[in-house]
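# A closer look at the structure
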Amino acid sequence: MKTLLISFFFTFALVSSAVAQSQFTVDASASQLNWTGYAELGSWAPSGTIQVSKGQFAVAGKQITSGRLSIDMSTLRHEDAKLQAHLRGEDFFDITRYPTATFLLTSLSGQVVTGQLMIRGVTRPVTFPVVISTEGDGLRIKGKAVIDRTQFAIRYNSTSFFSGLGDYAIKNEFSLAFNIVVKPAGKPGIAGRLAESSRR
């Protein structure tokens with residue numbers, strides 16, 4: 001009986017260790033998101049930035065098991081103020097009504113992520129490649145997702161819905177390159193560490 005109990009607790013410990021997960025949070029100040037849109041004709045491809053507001057990941061061993069990112073749509077930037085205002089408006093991301101976009105990671109197989117992306121209140125499945133590397137006691141997640149904007153009710157100057165657009169036609173797909181830094185939960189990010197060091 002004693003041997004059986006020892007065997008049971010040893011097995012339980014191994015299973016518990018195998019499924020133990022560590023919680024990580026996104027270091028928003030160190031993370032980067034860069035978007036690029038594309039004209040249907042010619043080489044015009046405006047690009048700019050947008051910022052992650054917060055995020056959490058669960059990691060078991062070296063495997064990310066779940067994650068969630070929130071993106072602050074009010075931080076959408078482009079060097080041309082007129083284009084920036086247009087992208088923030090009702091024709092595109094309508095940030096007044098939909099100030100936050102979210103991504104929920106549902107699976108990670110090898111270097112391919114699958115998840116649910118919500119933009120303008122519409123949620124759609126997305127899949128894209130990633131490269132994950134360790135950085136200190138945290139992780140860096142890099143990659144690029146290609147997103148069909150029309151799946152999120154953004155149809156402005158799309159040839160899938162309008163004809164005769166000529167040079168004004170805009171491709172349905174835009175790309176979002178990301179460089180996300182995550183750290184163990186409870187530890188300050190770069191901004192926090194700088195603030196701490198300045199107080200010493």
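Right above here is the structure, for reference.
Presented here is a report on the structure given in the accompanying data block. Predicted model, so just to flag it, every value in this text is computed and none were measured. (Residues numbered from 1 in each chain as written. Predicted model: local features only at pLDDT ≥ 70, side-chain atom pairs only at ≥ 80, totals over all residues. Heavy atoms only, no water.)

## Here we look at the nonpolar core
Within soluble globular proteins, side chains that are nonpolar tend to cluster in buried spots. Core analysis: the largest hydrophobic core is formed by 41 residues, its most contacted members being Phe57 and Phe93. In this structure, Phe57 is in contact with Ser22, Gln23, Phe24, Val26, Ile64, Ser66, Gly67, Leu69, Leu105, Ile141 and Val182, ignoring residues within four places of it in sequence. (Core = buried A, V, L, I, M, F, W, Y, C linked by side-chain atoms within 4.5 Å. Buried < 20%, exposed > 50% of the residue type's maximum accessible area, 1.4 Å probe, protein only. Contact = heavy atoms within 4.5 Å.)

## Here's the deal with the pattern of salt bridges
Per the counting criterion, the structure on display carries two salt bridges. In this structure, Arg97 and Asp94 form a salt bridge, with 3.7 Å as the shortest nitrogen-oxygen distance. Assessed through its relative accessible area of 58%, Arg97 is described here as exposed. The class of Asp94 is buried, set by a relative accessible area of 5%. Notably, a salt bridge pairs Glu135 with Arg140, separated by 2.7 Å at the nearest N-O pair. (Salt bridge = Lys/Arg side-chain N within 4 Å of Asp/Glu carboxyl O.)

## A short note on the pairing of strand β5 (residues 100-109)
Within a regular beta strand, the side chains point alternately toward one face of the sheet and then the other, so they alternate between its two faces. Pairing of strand β4 (residues 63-77) with β5, which is carried by six bridges, proceeds in the antiparallel orientation. Bridge pairing in β5 places Arg68 opposite Leu104. As judged from the seven bridges shared by β5 and strand β6 (residues 112-119), these two strands associate in the antiparallel manner. Following the sheet pairing, Phe103 is matched in β6 by Leu117. (Pairing = 2+ DSSP bridges. Helix = DSSP H or I, 4+ residues; strand = E, 2+ residues; numbered from the N terminus.)

## Considering unusual backbone geometry
A positive phi angle, close to 45°, is found at Asp94, a residue other than glycine. For Asp94, the location among the structural elements is in the loop between α2 (81-88) and β5. Positive phi is not limited to glycine here, since Asn157 has a value of about 50°. Summarising the element assignment, Asn157 is placed in the loop between β8 (138-148) and β9 (173-184). Its relative accessible area of 14% is what places Asn157 among the buried residues.

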